[in-house]
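# Remarks on the overall topology
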Amino acid sequence: MTSAPASLARRPARMPRHARGFTLVEVLVALFIMAILSAMAFRGIDAISRARDGAQGATDRTLKLNSGMSQFEYDIAQMVDTQVLQPMEFTGNTLRITRRTPAGIQLVIWTLQDKRWQRWASPPVVHIAELQDQWMRSQQWESISDGATSVLEDVSAFQVYCYRNGWSNCQSSGNQTQSPPSPPPNPPSSPPSGPPNNPPANPPKARTVWPTGVQLVLTLPDGNLTRERELPPL
C-alpha cells in the first residue's frame, strides 16, 4: 500500500460553508438595526412615562380642586353675623368670612397670592375683641402667610359676585343699605292748631341689603371655573 504524497498530507481541510463567521459589514448592519430598535423602544417607554406623569398630575390637581371647593362651600354654609364685623367682605383678591365652629368664631380668608389660591383660618375665639384683633391682623398678608394653605396653583384671577336680584361684583356693590322711601309731604289744608310737631329724635333705621347667593370665579389655564352657592340666612 502506497502512502499519500507529503504535499497532500500537509494541506488543511476545508471548513464547511455553513460554519464560517459573520463579516464586518453584517455585524455593523445588525448593530445598526439593534440601535434603531432600542431608540424606538426608549421613545415609546418615555412617552408612556410622560403620559402617566401628566395623568397623575391632572388627577392630583382635580382632587385638590374638589377638596378646596368643598372647604369653600362649607365655610360659606357656616357663615355667622357677629353684629360687629361683616360676615363676608371681598376686597379685590381677598375674601374674608366669619364662620362658626364648635370652639367659637373663626375668621377665614380666601385669597390669591402669587397665582396661588390660598386659605387661611384664625384660631377660634369667644370674645369680640379677639375677633377684631384677628381681623386687623389679617390685613397684613405677610404676617399670616406662613399659616396659609395653598389650595390651587396657576390661578390667574379670583373674583366673587353677589346675588341681589341679579349678579354683581361684591366689591363694587358691597352690603349696601337702603332706607325705606318716605312719602312726599302734603301741605296742610288749614294752619295747624297747637304747638308745632317736633321731628322724631331717631329716624327710621336703614335696612341692610344682604345677598342671597355668592358666585366664585377662578381663571385657570384651561378657562374659567364657576361655582355658585346659596348664602345662609343671617
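What you are looking at is a predicted structure, and each value in this text was computed from that prediction instead of being measured.

What counts, and at which threshold
Residues numbered from 1 in each chain as written. Predicted model: local features only at pLDDT ≥ 70, side-chain atom pairs only at ≥ 80, totals over all residues. Heavy atoms only, no water. Pairing = 2+ DSSP bridges. Helix = DSSP H or I, 4+ residues; strand = E, 2+ residues; numbered from the N terminus. Axes fitted to C-alpha atoms, helices over the stretch in contact; angles between N-to-C directions. Core = buried A, V, L, I, M, F, W, Y, C linked by side-chain atoms within 4.5 Å. Buried < 20%, exposed > 50% of the residue type's maximum accessible area, 1.4 Å probe, protein only. Contact = heavy atoms within 4.5 Å.

### Section: the sheet that holds strand E4 (residues 116-121)
Strand order in this open sheet of 5 strands is E1-E2-E3-E4-E5, and the pairing throughout is antiparallel. The two strands at the open ends of the sheet, each matched to only one other strand, are strand E1 (88-90) and strand E5 (149-153). Taking the axes of each pair of neighbouring strands and ignoring which way they run, one obtains an average angle of 20° across the sheet. Looking at chain direction, E4 and E5 are connected through 4 bridges and run antiparallel. When the bridges of E5 are listed, Trp117 appears paired with Leu152.

### Remarks on unusual backbone geometry
With a phi angle near 65°, Gln83 is a residue other than glycine that sits in the positive phi range. Looking at the secondary structure, you find Gln83 in the loop between helix H2 (24-77) and E1. Although it is not a glycine, Lys115 sits at a positive phi angle of roughly 60°. Its place among the elements puts Lys115 in the loop between strand E3 (104-113) and E4.

### Re the sheet that holds strand E11 (residues 223-230)
Read from one edge to the other, the open sheet built from 4 strands follows the order E7-E6-E10-E11, with strand pairing classed as antiparallel. Bordering the open sheet on either side are strand E7 (167-169) and E11, each of which pairs with just one other strand. Averaged over all pairs of adjacent strands, the angle between strand axes in this sheet comes to 30°, irrespective of strand direction.

### So, the nonpolar core
Ranked by internal contacts, the top residues of the largest apolar core, which has 26 residues, are Leu95, Trp110, Trp117, Phe158, Val160, Leu216 and Leu218. In this view, Leu216 contacts Met69, Phe72, Trp117, Phe158, Gln159, Val160, Leu225, Thr226 and Arg227; residues no more than four positions away in its chain are not counted. Counting 10 residues, the second-largest nonpolar core is a separate cluster that includes Leu85, Leu107, Leu131 and Ala148.

### Some thoughts on the environment of Trp120
Structurally, Trp120 is set in strand E4. Overall, Trp120 belongs to the buried group, its relative accessible area being 4%. Expressed as a C-alpha distance, the spacing of Trp120 and Ser150, which sit 30 residues apart in the sequence, is 9.1 Å. Contacts of Trp120, omitting those with residues within four sequence positions, involve Leu107, Val108, Ile109, Gln134, Arg137, Ser138, Trp141, Ile144, Gly147 and Ala148.

Take it as geometry only, folks, not as evidence of what the structure does.
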